[in-house]
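What follows is the residue order along each chain.
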Amino acid sequence: MAKQIQAIRGMNDILPTQSPIWQKVEAVLRSSVSAFGYSEIRTPIVESTDLFKRSIGEVTDIVEKEMYTFEDRNGDSLTLRPEGTASTVRAGNEHGLLYNQEQRLWYMGPMFRHERPQKGRYRQFHQFGVEVYGIGSADIDAEVLMLSARLWDQLGIKEHVALELNTLGDPAERAAYRDALIAFLEQHKDKLDEDSQRRMYSNPLRVLDSKDPQVQAILADAPALMDYLGEDTKTHFSTLCELLDAVGIQYTINPRLVRGLDYYNRTVFEWVTTSLGSQGTVLAGGRYDGLVGQLGGKDTPAVGFAMGLERIVLLLETLELTNDIAAEVDVYVTAMGDNCLVEAIKVAAELRQQLPTLKVMSHCGGGNFKKQMKRADKSGAQYALIIGENEIANNQVAIKPLRNNNEQQLVARTELVTKIAELI
């Protein structure tokens, strides 16, 4: 027997029993962005490696350790996209969508990072993101956060997530703070963990995000970024907070909050949860006004967020909010005898034609009454339609409820569509 081929480690199948949960999450995401008037953009899974080196930054874990990079037959270096923002900017620049324009976009699809697989975090993962270009004011930051808050409300998990906010300032402000932070870290270099020592000069703000308790204790006396911010940045942040207060979105200002990607400035935020054990991030984003110019376009203000769908599905499962989600079948059509097959097929076709949203499954493969009814029950259908020789002779169809104890009823063949429309 040939050796069975397995899926690649960290790249998982989503099976038929799981896909209805994903479909529900995806439907909520689509309806929410539609309610805010955002448009979908779809970009290739494979991009030039330079795109991510220039956008994410070469001295980041993603570029240094995690990207799936390869040379194609022409010798070009290509990479499976590790995130969605860089591709969206590249597409906007390439097709003239960004300069002197406003764009409110969203995307959803698979991304790839060679991380250590763990529950809710995989090497192929699915990301949903929102990107707004051409608006530099705090009101759009607030709108993006309002959109994210709507997701939790629609998914029924708003009591299980909390919003954390910070501002990273503009590049000049951050550069001055960077110098002060490096000078502070140099005084404690021998007490820093290996990761923090490595980042101290290349990306010192990431040291603020260290999970090492000893490093966090040292950082208690570190200079505060807020002390290096100018009036414009402070006004932008205070306006954002005022708008969130006005619409009742609660938040915590976390001065240690930074983002893992180099291109963020001013507003940064994370929605976090403690319902998955230790505190975990379920959505993150912020403002990245310099990225469009960094990737060859004209400077354009931008703000957005991204979330991993695997973690959302895991959160819903952990909170036991997926028990009632299953693949839906409304009607299961049976044919009791070979002579009834043609009529059963015609009935199913007519129902699909006349009631386009009705979910109709036809029994295939024959079998006796018991077998067909067992299949009907397993399908999850609300009703089984029984078409036997007696029903055909009398120009009728039997409707058998499968999810309650109501009586089976016979209806005239000509009235079937109307009756099913009433029942479903």
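Residues numbered from 1 in each chain as written. Predicted model: local features only at pLDDT ≥ 70, side-chain atom pairs only at ≥ 80, totals over all residues. Heavy atoms only, no water.

Per an unreviewed UniProt entry, the protein chain carries the name Histidine--tRNA ligase and comes from Shewanella metallivivens. Listed under Subunit (unreviewed entry) in UniProt, the entry text for the protein chain is "Homodimer." The heading Catalytic activity (unreviewed entry) in the UniProt record of the protein chain holds the text "tRNA(His) + L-histidine + ATP = L-histidyl-tRNA(His) + AMP + diphosphate + H(+)". (UniProt positions renumbered as here; feature names shortened; annotations may be inferred.)

Participant: Can you tell me about the pattern of salt bridges, naming the residues and giving the values?
Facilitator: Under the definition given, this model contains 15 salt bridges. Between Arg287 and Asp289 there is a salt bridge, with its nearest N and O atoms 2.8 Å apart. The exposure class assigned to Arg287 is buried, which follows from its relative accessible area of 0%. Through salt bridges that share partners, Glu343, Lys346, Glu350 and Arg413 make up one connected network. (Salt bridge = Lys/Arg side-chain N within 4 Å of Asp/Glu carboxyl O. Buried < 20%, exposed > 50% of the residue type's maximum accessible area, 1.4 Å probe, protein only.)

Participant: Report on helix H4 (residues 85-94), specifying residues and quantitative values.
Facilitator: Counted residue by residue, H4 has eight buried out of 10 residues, so it is predominantly covered. Along H4, the positions that sit buried rather than exposed are Thr85, Ala86, Ser87, Thr88, Val89, Arg90, Ala91 and Gly92. Its buried side turned inward, H4 meets strand S2 (46-48), helix H2 (49-56), strand S5 (103-112), strand S6 (124-133) and helix H10 (291-294). (Helix = DSSP H or I, 4+ residues; strand = E, 2+ residues; numbered from the N terminus. Contact = heavy atoms within 4.5 Å.)

Participant: If you had to explain the nonpolar core to someone new, which residues and values would you point to?
Facilitator: Counting 45 residues, the largest nonpolar core has Phe128, Trp152 and Trp271 as its most contacted members. For this core, the element with the most residues is helix H5 (residues 138-155), which contributes 10 residues. Once residues within four sequence positions are removed from consideration, Trp271 is found in contact with Leu145, Ser148, Ala149, Trp152, Val161, Ala162, Leu163, Ile249, Gly280, Thr281, Val282 and Leu283. Formed by 41 residues, the second largest nonpolar core is a distinct cluster that contains Leu51, Ala91, Leu219 and Leu295. (Core = buried A, V, L, I, M, F, W, Y, C linked by side-chain atoms within 4.5 Å.)

Participant: So what's going on with helix H11 (residues 309-318)? Residues and values would help.
Facilitator: Every α-helix carries 3.6 residues per turn, so stepping three or four residues along brings you back to the same face. Of all 10 residues in H11, eight are buried, a share of seventy percent or more. Phi for Glu320, located one or two positions after H11, is positive at around 60°.

Participant: Can you break down the side chain of Thr322 residue by residue, with the values?
Facilitator: As for its placement among the helices and strands, Thr322 is situated in the loop between H11 and strand S12 (331-336). The buried category is assigned to Thr322, whose relative accessible area is 10%. Not counting residues within four places of it along the chain, the set of residues in contact with Thr322 comprises Ile21, Leu316 and Glu317.

Participant: Mind laying out the sheet that holds strand S4 (residues 77-80), listing which residues take part and the relevant values?
Facilitator: One open sheet holds the three strands; their spatial order is S2-S4-S3, and the pairing between them is antiparallel. The open sheet terminates on both sides in strands that have one partner only, identified here as S2 and strand S3 (69-71). Adjacent strand axes in the sheet meet at a mean angle of 35°, parallel and antiparallel pairs treated alike. Inspection of the sheet shows S3 paired to S4 by three bridges, in the antiparallel sense. Note on S4: the bridge partner recorded for Thr69 is Thr79. (Pairing = 2+ DSSP bridges. Axes fitted to C-alpha atoms, helices over the stretch in contact; angles between N-to-C directions.)

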